[in-house]
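Architecture and fold: a report
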Amino acid sequence: MHKKRSRGMTRRSFLHAVGLTGVGAALVACVPVTPAAPGGEDRSAPEMAFLNYWTGWSGFEYDALQVQVDKFNAAHEDDVYANMSTVFGQYDKVLTAIAGGNPPDVVSAVWLHQLVSMAARDGLQPITAYAADSGVTGQEYFPQLWDAWHWNGELWGAMITSNSNVVAYRPDLFMEVGLDPDAPPVTLDELDAASMALEMVDDNGAIQQVGLMPSGLSWWGRVFGGQFYDEESGKITADSAPIVDALSWMASYSARLGIDEVATFQSGFGDYMSTQNPLFAGKEAMKQVGEWFIQFNNRFAPDLEIRMIPAPYPSGGRPNCTNFGGSVFTIPTGVMHPDASWSLIDFLSQEEVMADFCFNIFNIPPKVAAAQQARFMDEPRFALAVELLNGANAFGPDKIPVNDFLNSRLSEAESSVLTGQATTEETLQRVTVEVQEELDRTMARMS
Amino acid sequence: MLVRLLTREQRNLLAGLLFISPALVGVLAFALWPILQSLYYSFQDYDILRPPFFVGLRNYEDLMDDRVFGIALRNTLYMVLWGLPIHLAFDFLMALALNMRLRGLTLYRTIFYLPSITPVVAATIVWLWIFNGQYGILRTLLGFFGVPPIGFLTHPDWTKPSMIFMGLWFGGNTILIYLAGLRDVPVSLLESADLDGAGAVRKTWHITLPMVSPVIFYTLIINVIGYFQYFTEAWVLTASRDGTAGGPANSLLFYAMYLYQAAFQQFKMGYASAMAWILFLIVLLATWILFRSSGWVYYRAEN
Amino acid sequence: MLVASLQRHWTRGLAYLVCWVVGLGYVFPLYWTVITALKRDAEIFLFPPTWIPTAPQWHNFPAATQYIAFWRYMANTVLVSGLTVLGTVLSCSLIAYGFSHIRWRGREIVFLAYLATIMLPTQVTMIPLYIIFRRFDMVGTYLPLILPAFFGNALYVFLLRQFLLTIPPELSDAASIDGASLLGIFLRIMLPLLKPALATVALFAFVATYRDFLAPLIYLTHQEQWTISLGLKMFQNMYGAQWQLMMAASTLTMMPTIILFLLAQRTFIEGIALSGIKG
């Protein structure tokens, strides 16, 4: 009897399964192959160009950009519709789509340091002619930025936001140890002296506060007067004297404070994007940041005074040295309507559009006139960041197609040396050899 | 009917193939070509954006000279040799505890599964806080025992043990599988062992373990495959905005992470494919050895 | 007898202790997610942290569902996960039966080969797979996320095979003497016995699809098609995030699975032999 009942049940569940499959199949069939057209766009009109624009921005930055893209769509009611979606900076999505013959029409999820990598591998279209036709001469941009978008005699993209590096410090902590907050360090010796004065270690040897914990060899290497790549000779120069000096100097900090102690101290840092940022929490009296840090100050520590200075430099080094980067708007190869793609980039690059967007997300507009607007210049720290970006010692990424490889090897070298796993000179020599090999291999493939 | 003309063996073959036919179709449609394609790429210089060209064994040769590849392989082996046995043993003990008739069992069993369904970003925030060297809960607990502060995620010697510790939280699926297996142990067997005066340890060893050996074997194989491809947790915890990942001194750079960087950040899909195929062969060999030495697994259907 | 009972008390006590201590640890991520969802911006990363929000911000929950198209993404996710579960359960049970209770030449080697399909890191098969789906004109639809599930998944087939192999062959032998066909045996005897294992597989497939980030990112082209794992990322921006809203949305996201688990867990862990051999 039991068996019989169970058989009946089974047959019923089998029928259920069959039924479910049918419903499932029907549902699958109903899933729209082409999604409903957003924003009342009429895709049947033949003259209408439909653009897929992929951005790396998300969150409120995405919303701020959507406002501008909506303006574009309103202005191009009859000929172009741009559908923006974010890829969260995932290159795998971008590269898979391009390799699959399905590239986005415009993509800004390309970091500046990847521009040459993409261009040199024929992943992008040059926009030189489009820019010239639209009267874009480069005069209106910060010269370093305009130059950074060029490679091999062509223009490959344009940015509508940028940033630069500064050192932030806390006047109140300076005063506590008798340092003059109005005379912050200018030279490296002064920085060392200030840092040592600000360092506090308790009776157990545990670090309580530091001055500055140097990090980021790609910045300090340049502050020390070095370069990682020599364009003339085509050689990687990551083991040149200034860079070795820079890394040795950085390592001197962890050596002085104790490698294990620094690791423990840093493991006690709170979230970077919060009230517990080590600068706000008083664990660090100085910190390497960018102009975007002003918004953190306003949001997480509105009552705390934070000032900003250029990176202190050694003798023979570079004053007012900064690195810049950002997302580049590019057109992949093989898109359907390159002129429509350009029209979106052109629209978003307008002085007012760019300024509004940058102001909303606290970045520097790449056009000089936009950056000079009062709403930016009224903030002296912002003005400093702009001045650095406009200076002679502002550096973009090296124009080589192996920047990601270089970055990952440099970051490994830095953390290995700072945690006492390797020696400075040997490590940098190894990095140089490895990156040179990678570069040579890549260049051999190009020709 | 035609089927009647076949021998019993042929009929069985036909039936077997019919039952697995969805798998055959699935492999032919969605797996075979991508797999063969990646094998093909592994002998090519393929930068994703341009057509590939043949380079023979060069990707494989280059890998042998790649220092960082060695680091990634060693880090991964560390996880397989330490993390995997620790996790499986822990999960099994948890399942044993959860298999007892305890009060509030429904709740406990739901609780152990919670970490497995927490969204990754939320889990990461929680873990960064747990590992915080000053106010983190781990630091506080260890402090009670007089252990000095440790840079769990900042000191190269501690990063991998920290990851293994963190992995204890994500055993929900394995525990669930063990639980299902444990419920299969016939109560009659355990009761007769009770009458013989067997202790808990002996009962577990001589009755429970053999009876659940099929699922233990499953978790072993699946986790060998999974640990060799260890990626998400380490990537989420160490990736920085400039695309570098791997933790202090590359102590958390695992095989699949290095492979991903090569493929999608450094435009070396051919190289990454060679890396993938080496991993494939390692895992296949490990699986094959485990299958060959699976005499300890007790299948009632076979006896 | 006394020794045995003492021993049993000991082990039970130990089991309670383990459940409590480890349970606290396990519940911690959810607890932290929920209280973070209720905190004010300034309180989220406060050190030392507050264990109970000073002033619970309940409005974070409705705010989170408005910041992103929460319900839409949830509906999309349930659709995709549901169909994936359906496909997985149907196909994997058939395949697992073919790999366990029917003896045919080459079965073991074919099974190992099938298992091998999940041993290759997916990063290197992603582009060819994308090209396949593009050929079939499926990019931009849910089909690349759902369709493969209807053709089996080695991970789950293997699990079901292991469970099927614990079912004594006498059961199916007896049935075949009755003259039942193989399909009949599968449907009438194996499938009911396999129910708990199938429920487990269904849960795994559901959760895996629910949490999947990469496949929806790669194959969906319009934001209104998104699943919730993509939606949750939208609370993050370049240098920060709306943490409390993200945690609120995360909490809501977990709820259906938790409820499902609470209600259905008896099914997952009810043994095969218990229901099978006794019957």
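Basis of the calculations
- Residues numbered from 1 in each chain as written.
- Chains lettered and ligands numbered in written order.
- Predicted model: local features only at pLDDT ≥ 70, side-chain atom pairs only at ≥ 80, totals over all residues.
- Helix = DSSP H or I, 4+ residues; strand = E, 2+ residues; numbered from the N terminus.
- Buried ≥ 20, exposed ≤ 12 C-beta atoms within 10 Å, placed from the backbone.
- Contact = placed C-beta atoms within 7 Å.
- Pairing = 2+ DSSP bridges.
- Axes fitted to C-alpha atoms, helices over the stretch in contact; angles between N-to-C directions.
- Nonpolar A, V, L, I, M, F, W, Y, C, P; charged D, E, K, R; others polar.
- pLDDT = per-residue confidence, 0-100.
- Parallel < 35°, antiparallel > 145°, perpendicular 65-115°, else oblique.
- Left-handed = near helix turned anticlockwise from the far one by under 90°.
- Core = buried A, V, L, I, M, F, W, Y, C linked by C-beta atoms within 7 Å.

Each helix and strand in chain A was counted, giving 19 helices and 15 strands. Buried positions account for 50% of the 447 residues belonging to chain A. In chain A, the share of contacts with a sequence separation of at least 24, taken over all contacts with a separation of at least 6, comes to 74%.

Let us now look at the sheet that holds strand β3 (residues 106-111) of chain A. All names here are of chain A. Taken in spatial order, the four strands of this open sheet run β2-β1-β3-β14, and their pairing is mixed. Single-partner strands in this sheet number two, and they are β2 (80-86) and β14 (327-330). Strand-to-strand twist across the sheet, computed as the mean angle between neighbouring axes with direction ignored, equals 25 degrees. Relative to β14, β3 is paired through three bridges, and the arrangement is antiparallel. Across the sheet, the residue bridging to Val110 is Val328, located in β14. Its contacts with the sheet place helix α13 (residues 338-348) against β1 (49-55), β2, β3 and β14, and it is angled at close to 55 degrees to β1.

Contact with chain B, which involves 83 residues of that partner, is made by 87 residues of chain C. In terms of residues, the side of chain B that touches chain C owes the most to one element, helix α3 (residues 21-41) of chain B, which gives 14 residues. Class assignment of the residues belonging to the side of chain B that touches chain C gives a composition of 61 nonpolar, 15 polar and seven charged.

Reading predicted coordinates in detail is not appropriate for stretches of low pLDDT. Residue and element names in this part refer to chain A. Per-residue confidence for chain A gives a mean pLDDT of 90, with 89% of residues at or over 70. In this model, residues 1-15 is a region of pLDDT below 50 whose contacts with residues beyond four sequence positions or in other chains number ten contacts. The low-confidence segment residues 29-44, where pLDDT is below 50, has 19 contacts with residues more than four positions distant or belonging to other chains.

Packed helices, taken two at a time, are described by their axes: the angle between them and the distance between them. Residue and element names in this part refer to chain C. The N-to-C vectors of helix α7 (residues 154-164) and helix α9 (residues 182-211) enclose an angle of 150 degrees; their axes lie 10 Å apart at closest approach. As far as their axial angle goes, α9 and α7 are roughly antiparallel. The interaxial crossing formed by α7 with α9 has right-handed handedness. Touching Tyr156, Leu159, Leu160, Phe163 and Leu164 of α7 are Met190, Leu194, Ala197, Val201, Phe204 and Ala205, all from α9. Class assignment for the residues of the contact of α7 with α9 results in eleven nonpolar, no polar and no charged.

Moving on, we come to the nonpolar core. A general trend in soluble globular proteins is that nonpolar side chains are found buried together. Among the nonpolar cores identified, the biggest contains 309 residues, and A:Ala168, B:Phe254, B:Leu259, C:Val157, C:Leu160 and C:Val201 are the most heavily contacted of them. Per element, the largest residue contribution to this core is 18 residues, and it comes from α9(C). When near neighbours in sequence (up to four residues on either side) are disregarded, C:Val157 contacts B:Ala23, C:Cys92, C:Ile95, C:Ala96, C:Phe99 and C:Gly152.

Residue and element names in this part refer to chain C. When pLDDT is averaged across chain C, the result is 87; 91% of the residues are at 70 or more. Per-element confidence in chain C ranges from a low mean pLDDT of 44 for helix α13 (residues 272-276) to a high of 97 for helix α6 (residues 143-146). Across residues 272-279, where pLDDT falls below 50, the model places 18 contacts with residues more than four positions away in sequence or in other chains. The complex model carries a pTM of 0.91, and its ipTM stands at 0.92.

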